[in-house]
Amino acid sequence: MYNRHFGLSAAPFRSTPDTRKFFGGGQRAEVLDTLIYAICHGEGMVKVTGEIGTGKTMLCHMLQEQLPESVEVVYLANPSLTSDEILTAIAQELELALPEHASHLQLQQRLQDYLLYCHRKQRRVVVFIEEAQQMPLQTLEEIRLLSNLETRDAKLLQLVLFGQPELDTLLARHEIRQLRDRIGHSIHLEPLTRREVAEYLRFRLYNAGYRGGELFTRAACRQLALSSGGLIRRLHRLADKALLAAFSANSAQVRWIDAWRARCDERRPSRFPRFAGGLVAGAAVSVIAVLLAGPPQTPGPVVTRTATTSPDNNAISPALQAARQRALSIRPAAGLPRVSQRLLASRNWLRATRNGLTVQLLLSDDDDLGKIEKLLGKQPYTDLLPAIYLSRSEIGGRPRWNLLYGHFDSKTKALAAIAALPDEMRRHQPFLRSISALRRDHQHAEMLANQDTQG
């Protein structure tokens, strides 16, 4: 509905896991790398926990794509299986021929024979079990017995349990302490922090074809972070509703009020007004929003290993090295890494810098940050990247980007810097800009953002 209005080619916040839109921020890329390493090095059993909506299912799908071809994956979406049923399910996923009405012992023997065959062929088998916190105790005991299948020097079967935090409560029970002791790595997915929420929104928009400036204002990002608690699934719903609210208001950006309306829609409209007609007492509303959302999030550790293993790169196969490299290369700003980095640096620079001069290298033709990303990837801009800053302006009602270079305390130094620029940069006729004037523009933008938070 709102795609054309915002220049999107696809819906950015669909809830269906799509591995092409995997977000590597929030340490998700590092978690993916850890899982690949643990599976390919025969670590035995791994546990991955996280609240509903932190991205466990997406991570599971990514693993299936990123693991080397020498790893066979068995995916079990239904954890509520008996001990016999889980053996049958694994055997069927591996396409093993089973005798009719096979006994428990026959299932075990057939599976063990196949795992030994895979071991001789230098292949691995891994079983992913989703919603593992719902598994019956007898089935968990069967899982423990499966983890016992091994040769003198290797585990025959790898197991990865994905579950909500209740899985930890289940594993803490005394009667399954033997299973708990076999878990080599424990990984917990934390919700996204406020900054990661802004990165995530930008990442999803870019993957949906957006090429403009910041579509979600900083105030809107803060509100969405508070409302969602950093949980990706909830963030999708809220961001989608916020875009719809902005579209209904014919706004070119998603403002705080749009994010607040999305939050109210998630709650109960009878308790939280939709502000359909005009502005309400903004300061009081902001206080209510903060009180309802609770204290600000603080980033915490994501990966916790109960058994640490120091990777020995000399012992890692080329296939595994390639898989791990692919995992770690998946970063939040997959589309605009240089622009995202320089936007953050530019905001910090303008806040901290009061006086002096900078050099305006060029002014963009439009609001398309994709073009800026391509430019920053070319020589000689790449060489000067740490000293390049971005500032947005509206000229003749059209948003455009100023590409700035350096910070100089005198006009002589600034002019010398212009003279030292490569010919390719000087052909755009760079000129001096006052940082104090740029800072006033920046403060004006922040004032508008603060007005946005008040209504």
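Described below are features of the structure shown in this document. (Residues numbered from 1 in each chain as written. Predicted model: local features only at pLDDT ≥ 70, side-chain atom pairs only at ≥ 80, totals over all residues. Heavy atoms only, no water.)

## Digging into the overall build of the protein
Okay, so step 1: Counting its regular elements, the protein contains 19 helices and ten strands.
Okay, so step 2: Classification of the 455 residues of the protein by burial places 49% in the buried group. (Helix = DSSP H or I, 4+ residues; strand = E, 2+ residues; numbered from the N terminus. Buried < 20%, exposed > 50% of the residue type's maximum accessible area, 1.4 Å probe, protein only.)

## Looking at the sheet that holds strand E8 (residues 388-395)
Okay, so step 1: Reading across the sheet, the four strands line up as E8-E9-E7-E10 and stay open at both edges, with antiparallel pairing between neighbours. Here the strands that pair on one side only, and so sit at the sheet edges, are E8 and strand E10 (431-434). Averaged over all pairs of adjacent strands, the angle between their axes in this sheet comes to 45 degrees, without regard to strand direction.
Okay, so step 2: Where strand E7 (residues 357-363) meets E10, four bridges bridge the pair, whose relative direction is antiparallel. (Pairing = 2+ DSSP bridges. Axes fitted to C-alpha atoms, helices over the stretch in contact; angles between N-to-C directions.)

## So, the pattern of salt bridges
Okay, so step 1: Applying the stated criterion to the full structure yields 13 salt bridges.
Okay, so step 2: Its salt-bridge partner being Arg 123, residue Glu 72 comes within 3.6 Å of it at the nearest N-O pair. Of this pair, Glu 72 sits in strand E2 (residues 71-76) while Arg 123 sits in the loop between helix H5 (104-120) and strand E3 (124-129), and the two are 51 residues apart along the sequence.
Okay, so step 3: The exposure class of Glu 72 is buried, given its relative accessible area of 19%.
Okay, so step 4: The partner of Arg 255 in a salt bridge is Asp 258, and the shortest N-O contact between them spans 3.0 Å.
Okay, so step 5: Classification of Asp 258 as buried rests on a relative accessible area of 0%. (Salt bridge = Lys/Arg side-chain N within 4 Å of Asp/Glu carboxyl O.)

## Considering unusual backbone geometry
Okay, so step 1: In this model, Gln 379 is joined to Pro 380 through a cis peptide bond whose omega is 5 degrees.
Okay, so step 2: Tracing the chain through its elements places Pro 380 in the loop between helix H16 (369-376) and E8.
Okay, so step 3: Backbone geometry places Gln 27, a non-glycine residue, at a positive phi of 65 degrees.
Okay, so step 4: Considering the arrangement of structural elements, one finds Gln 27 in the loop between helix H1 (3-6) and helix H2 (28-40).
Okay, so step 5: Residue Gln 27 is classed as partly exposed on the basis of its relative accessible area of 36%.
Okay, so step 6: Its identity is not glycine, yet His 101 carries a phi of approximately 55 degrees, on the positive side.
Okay, so step 7: Tracing the sequence through the fold places His 101 in the loop between helix H4 (83-93) and H5.
Okay, so step 8: Judged by its relative accessible area of 74%, His 101 falls in the exposed class.

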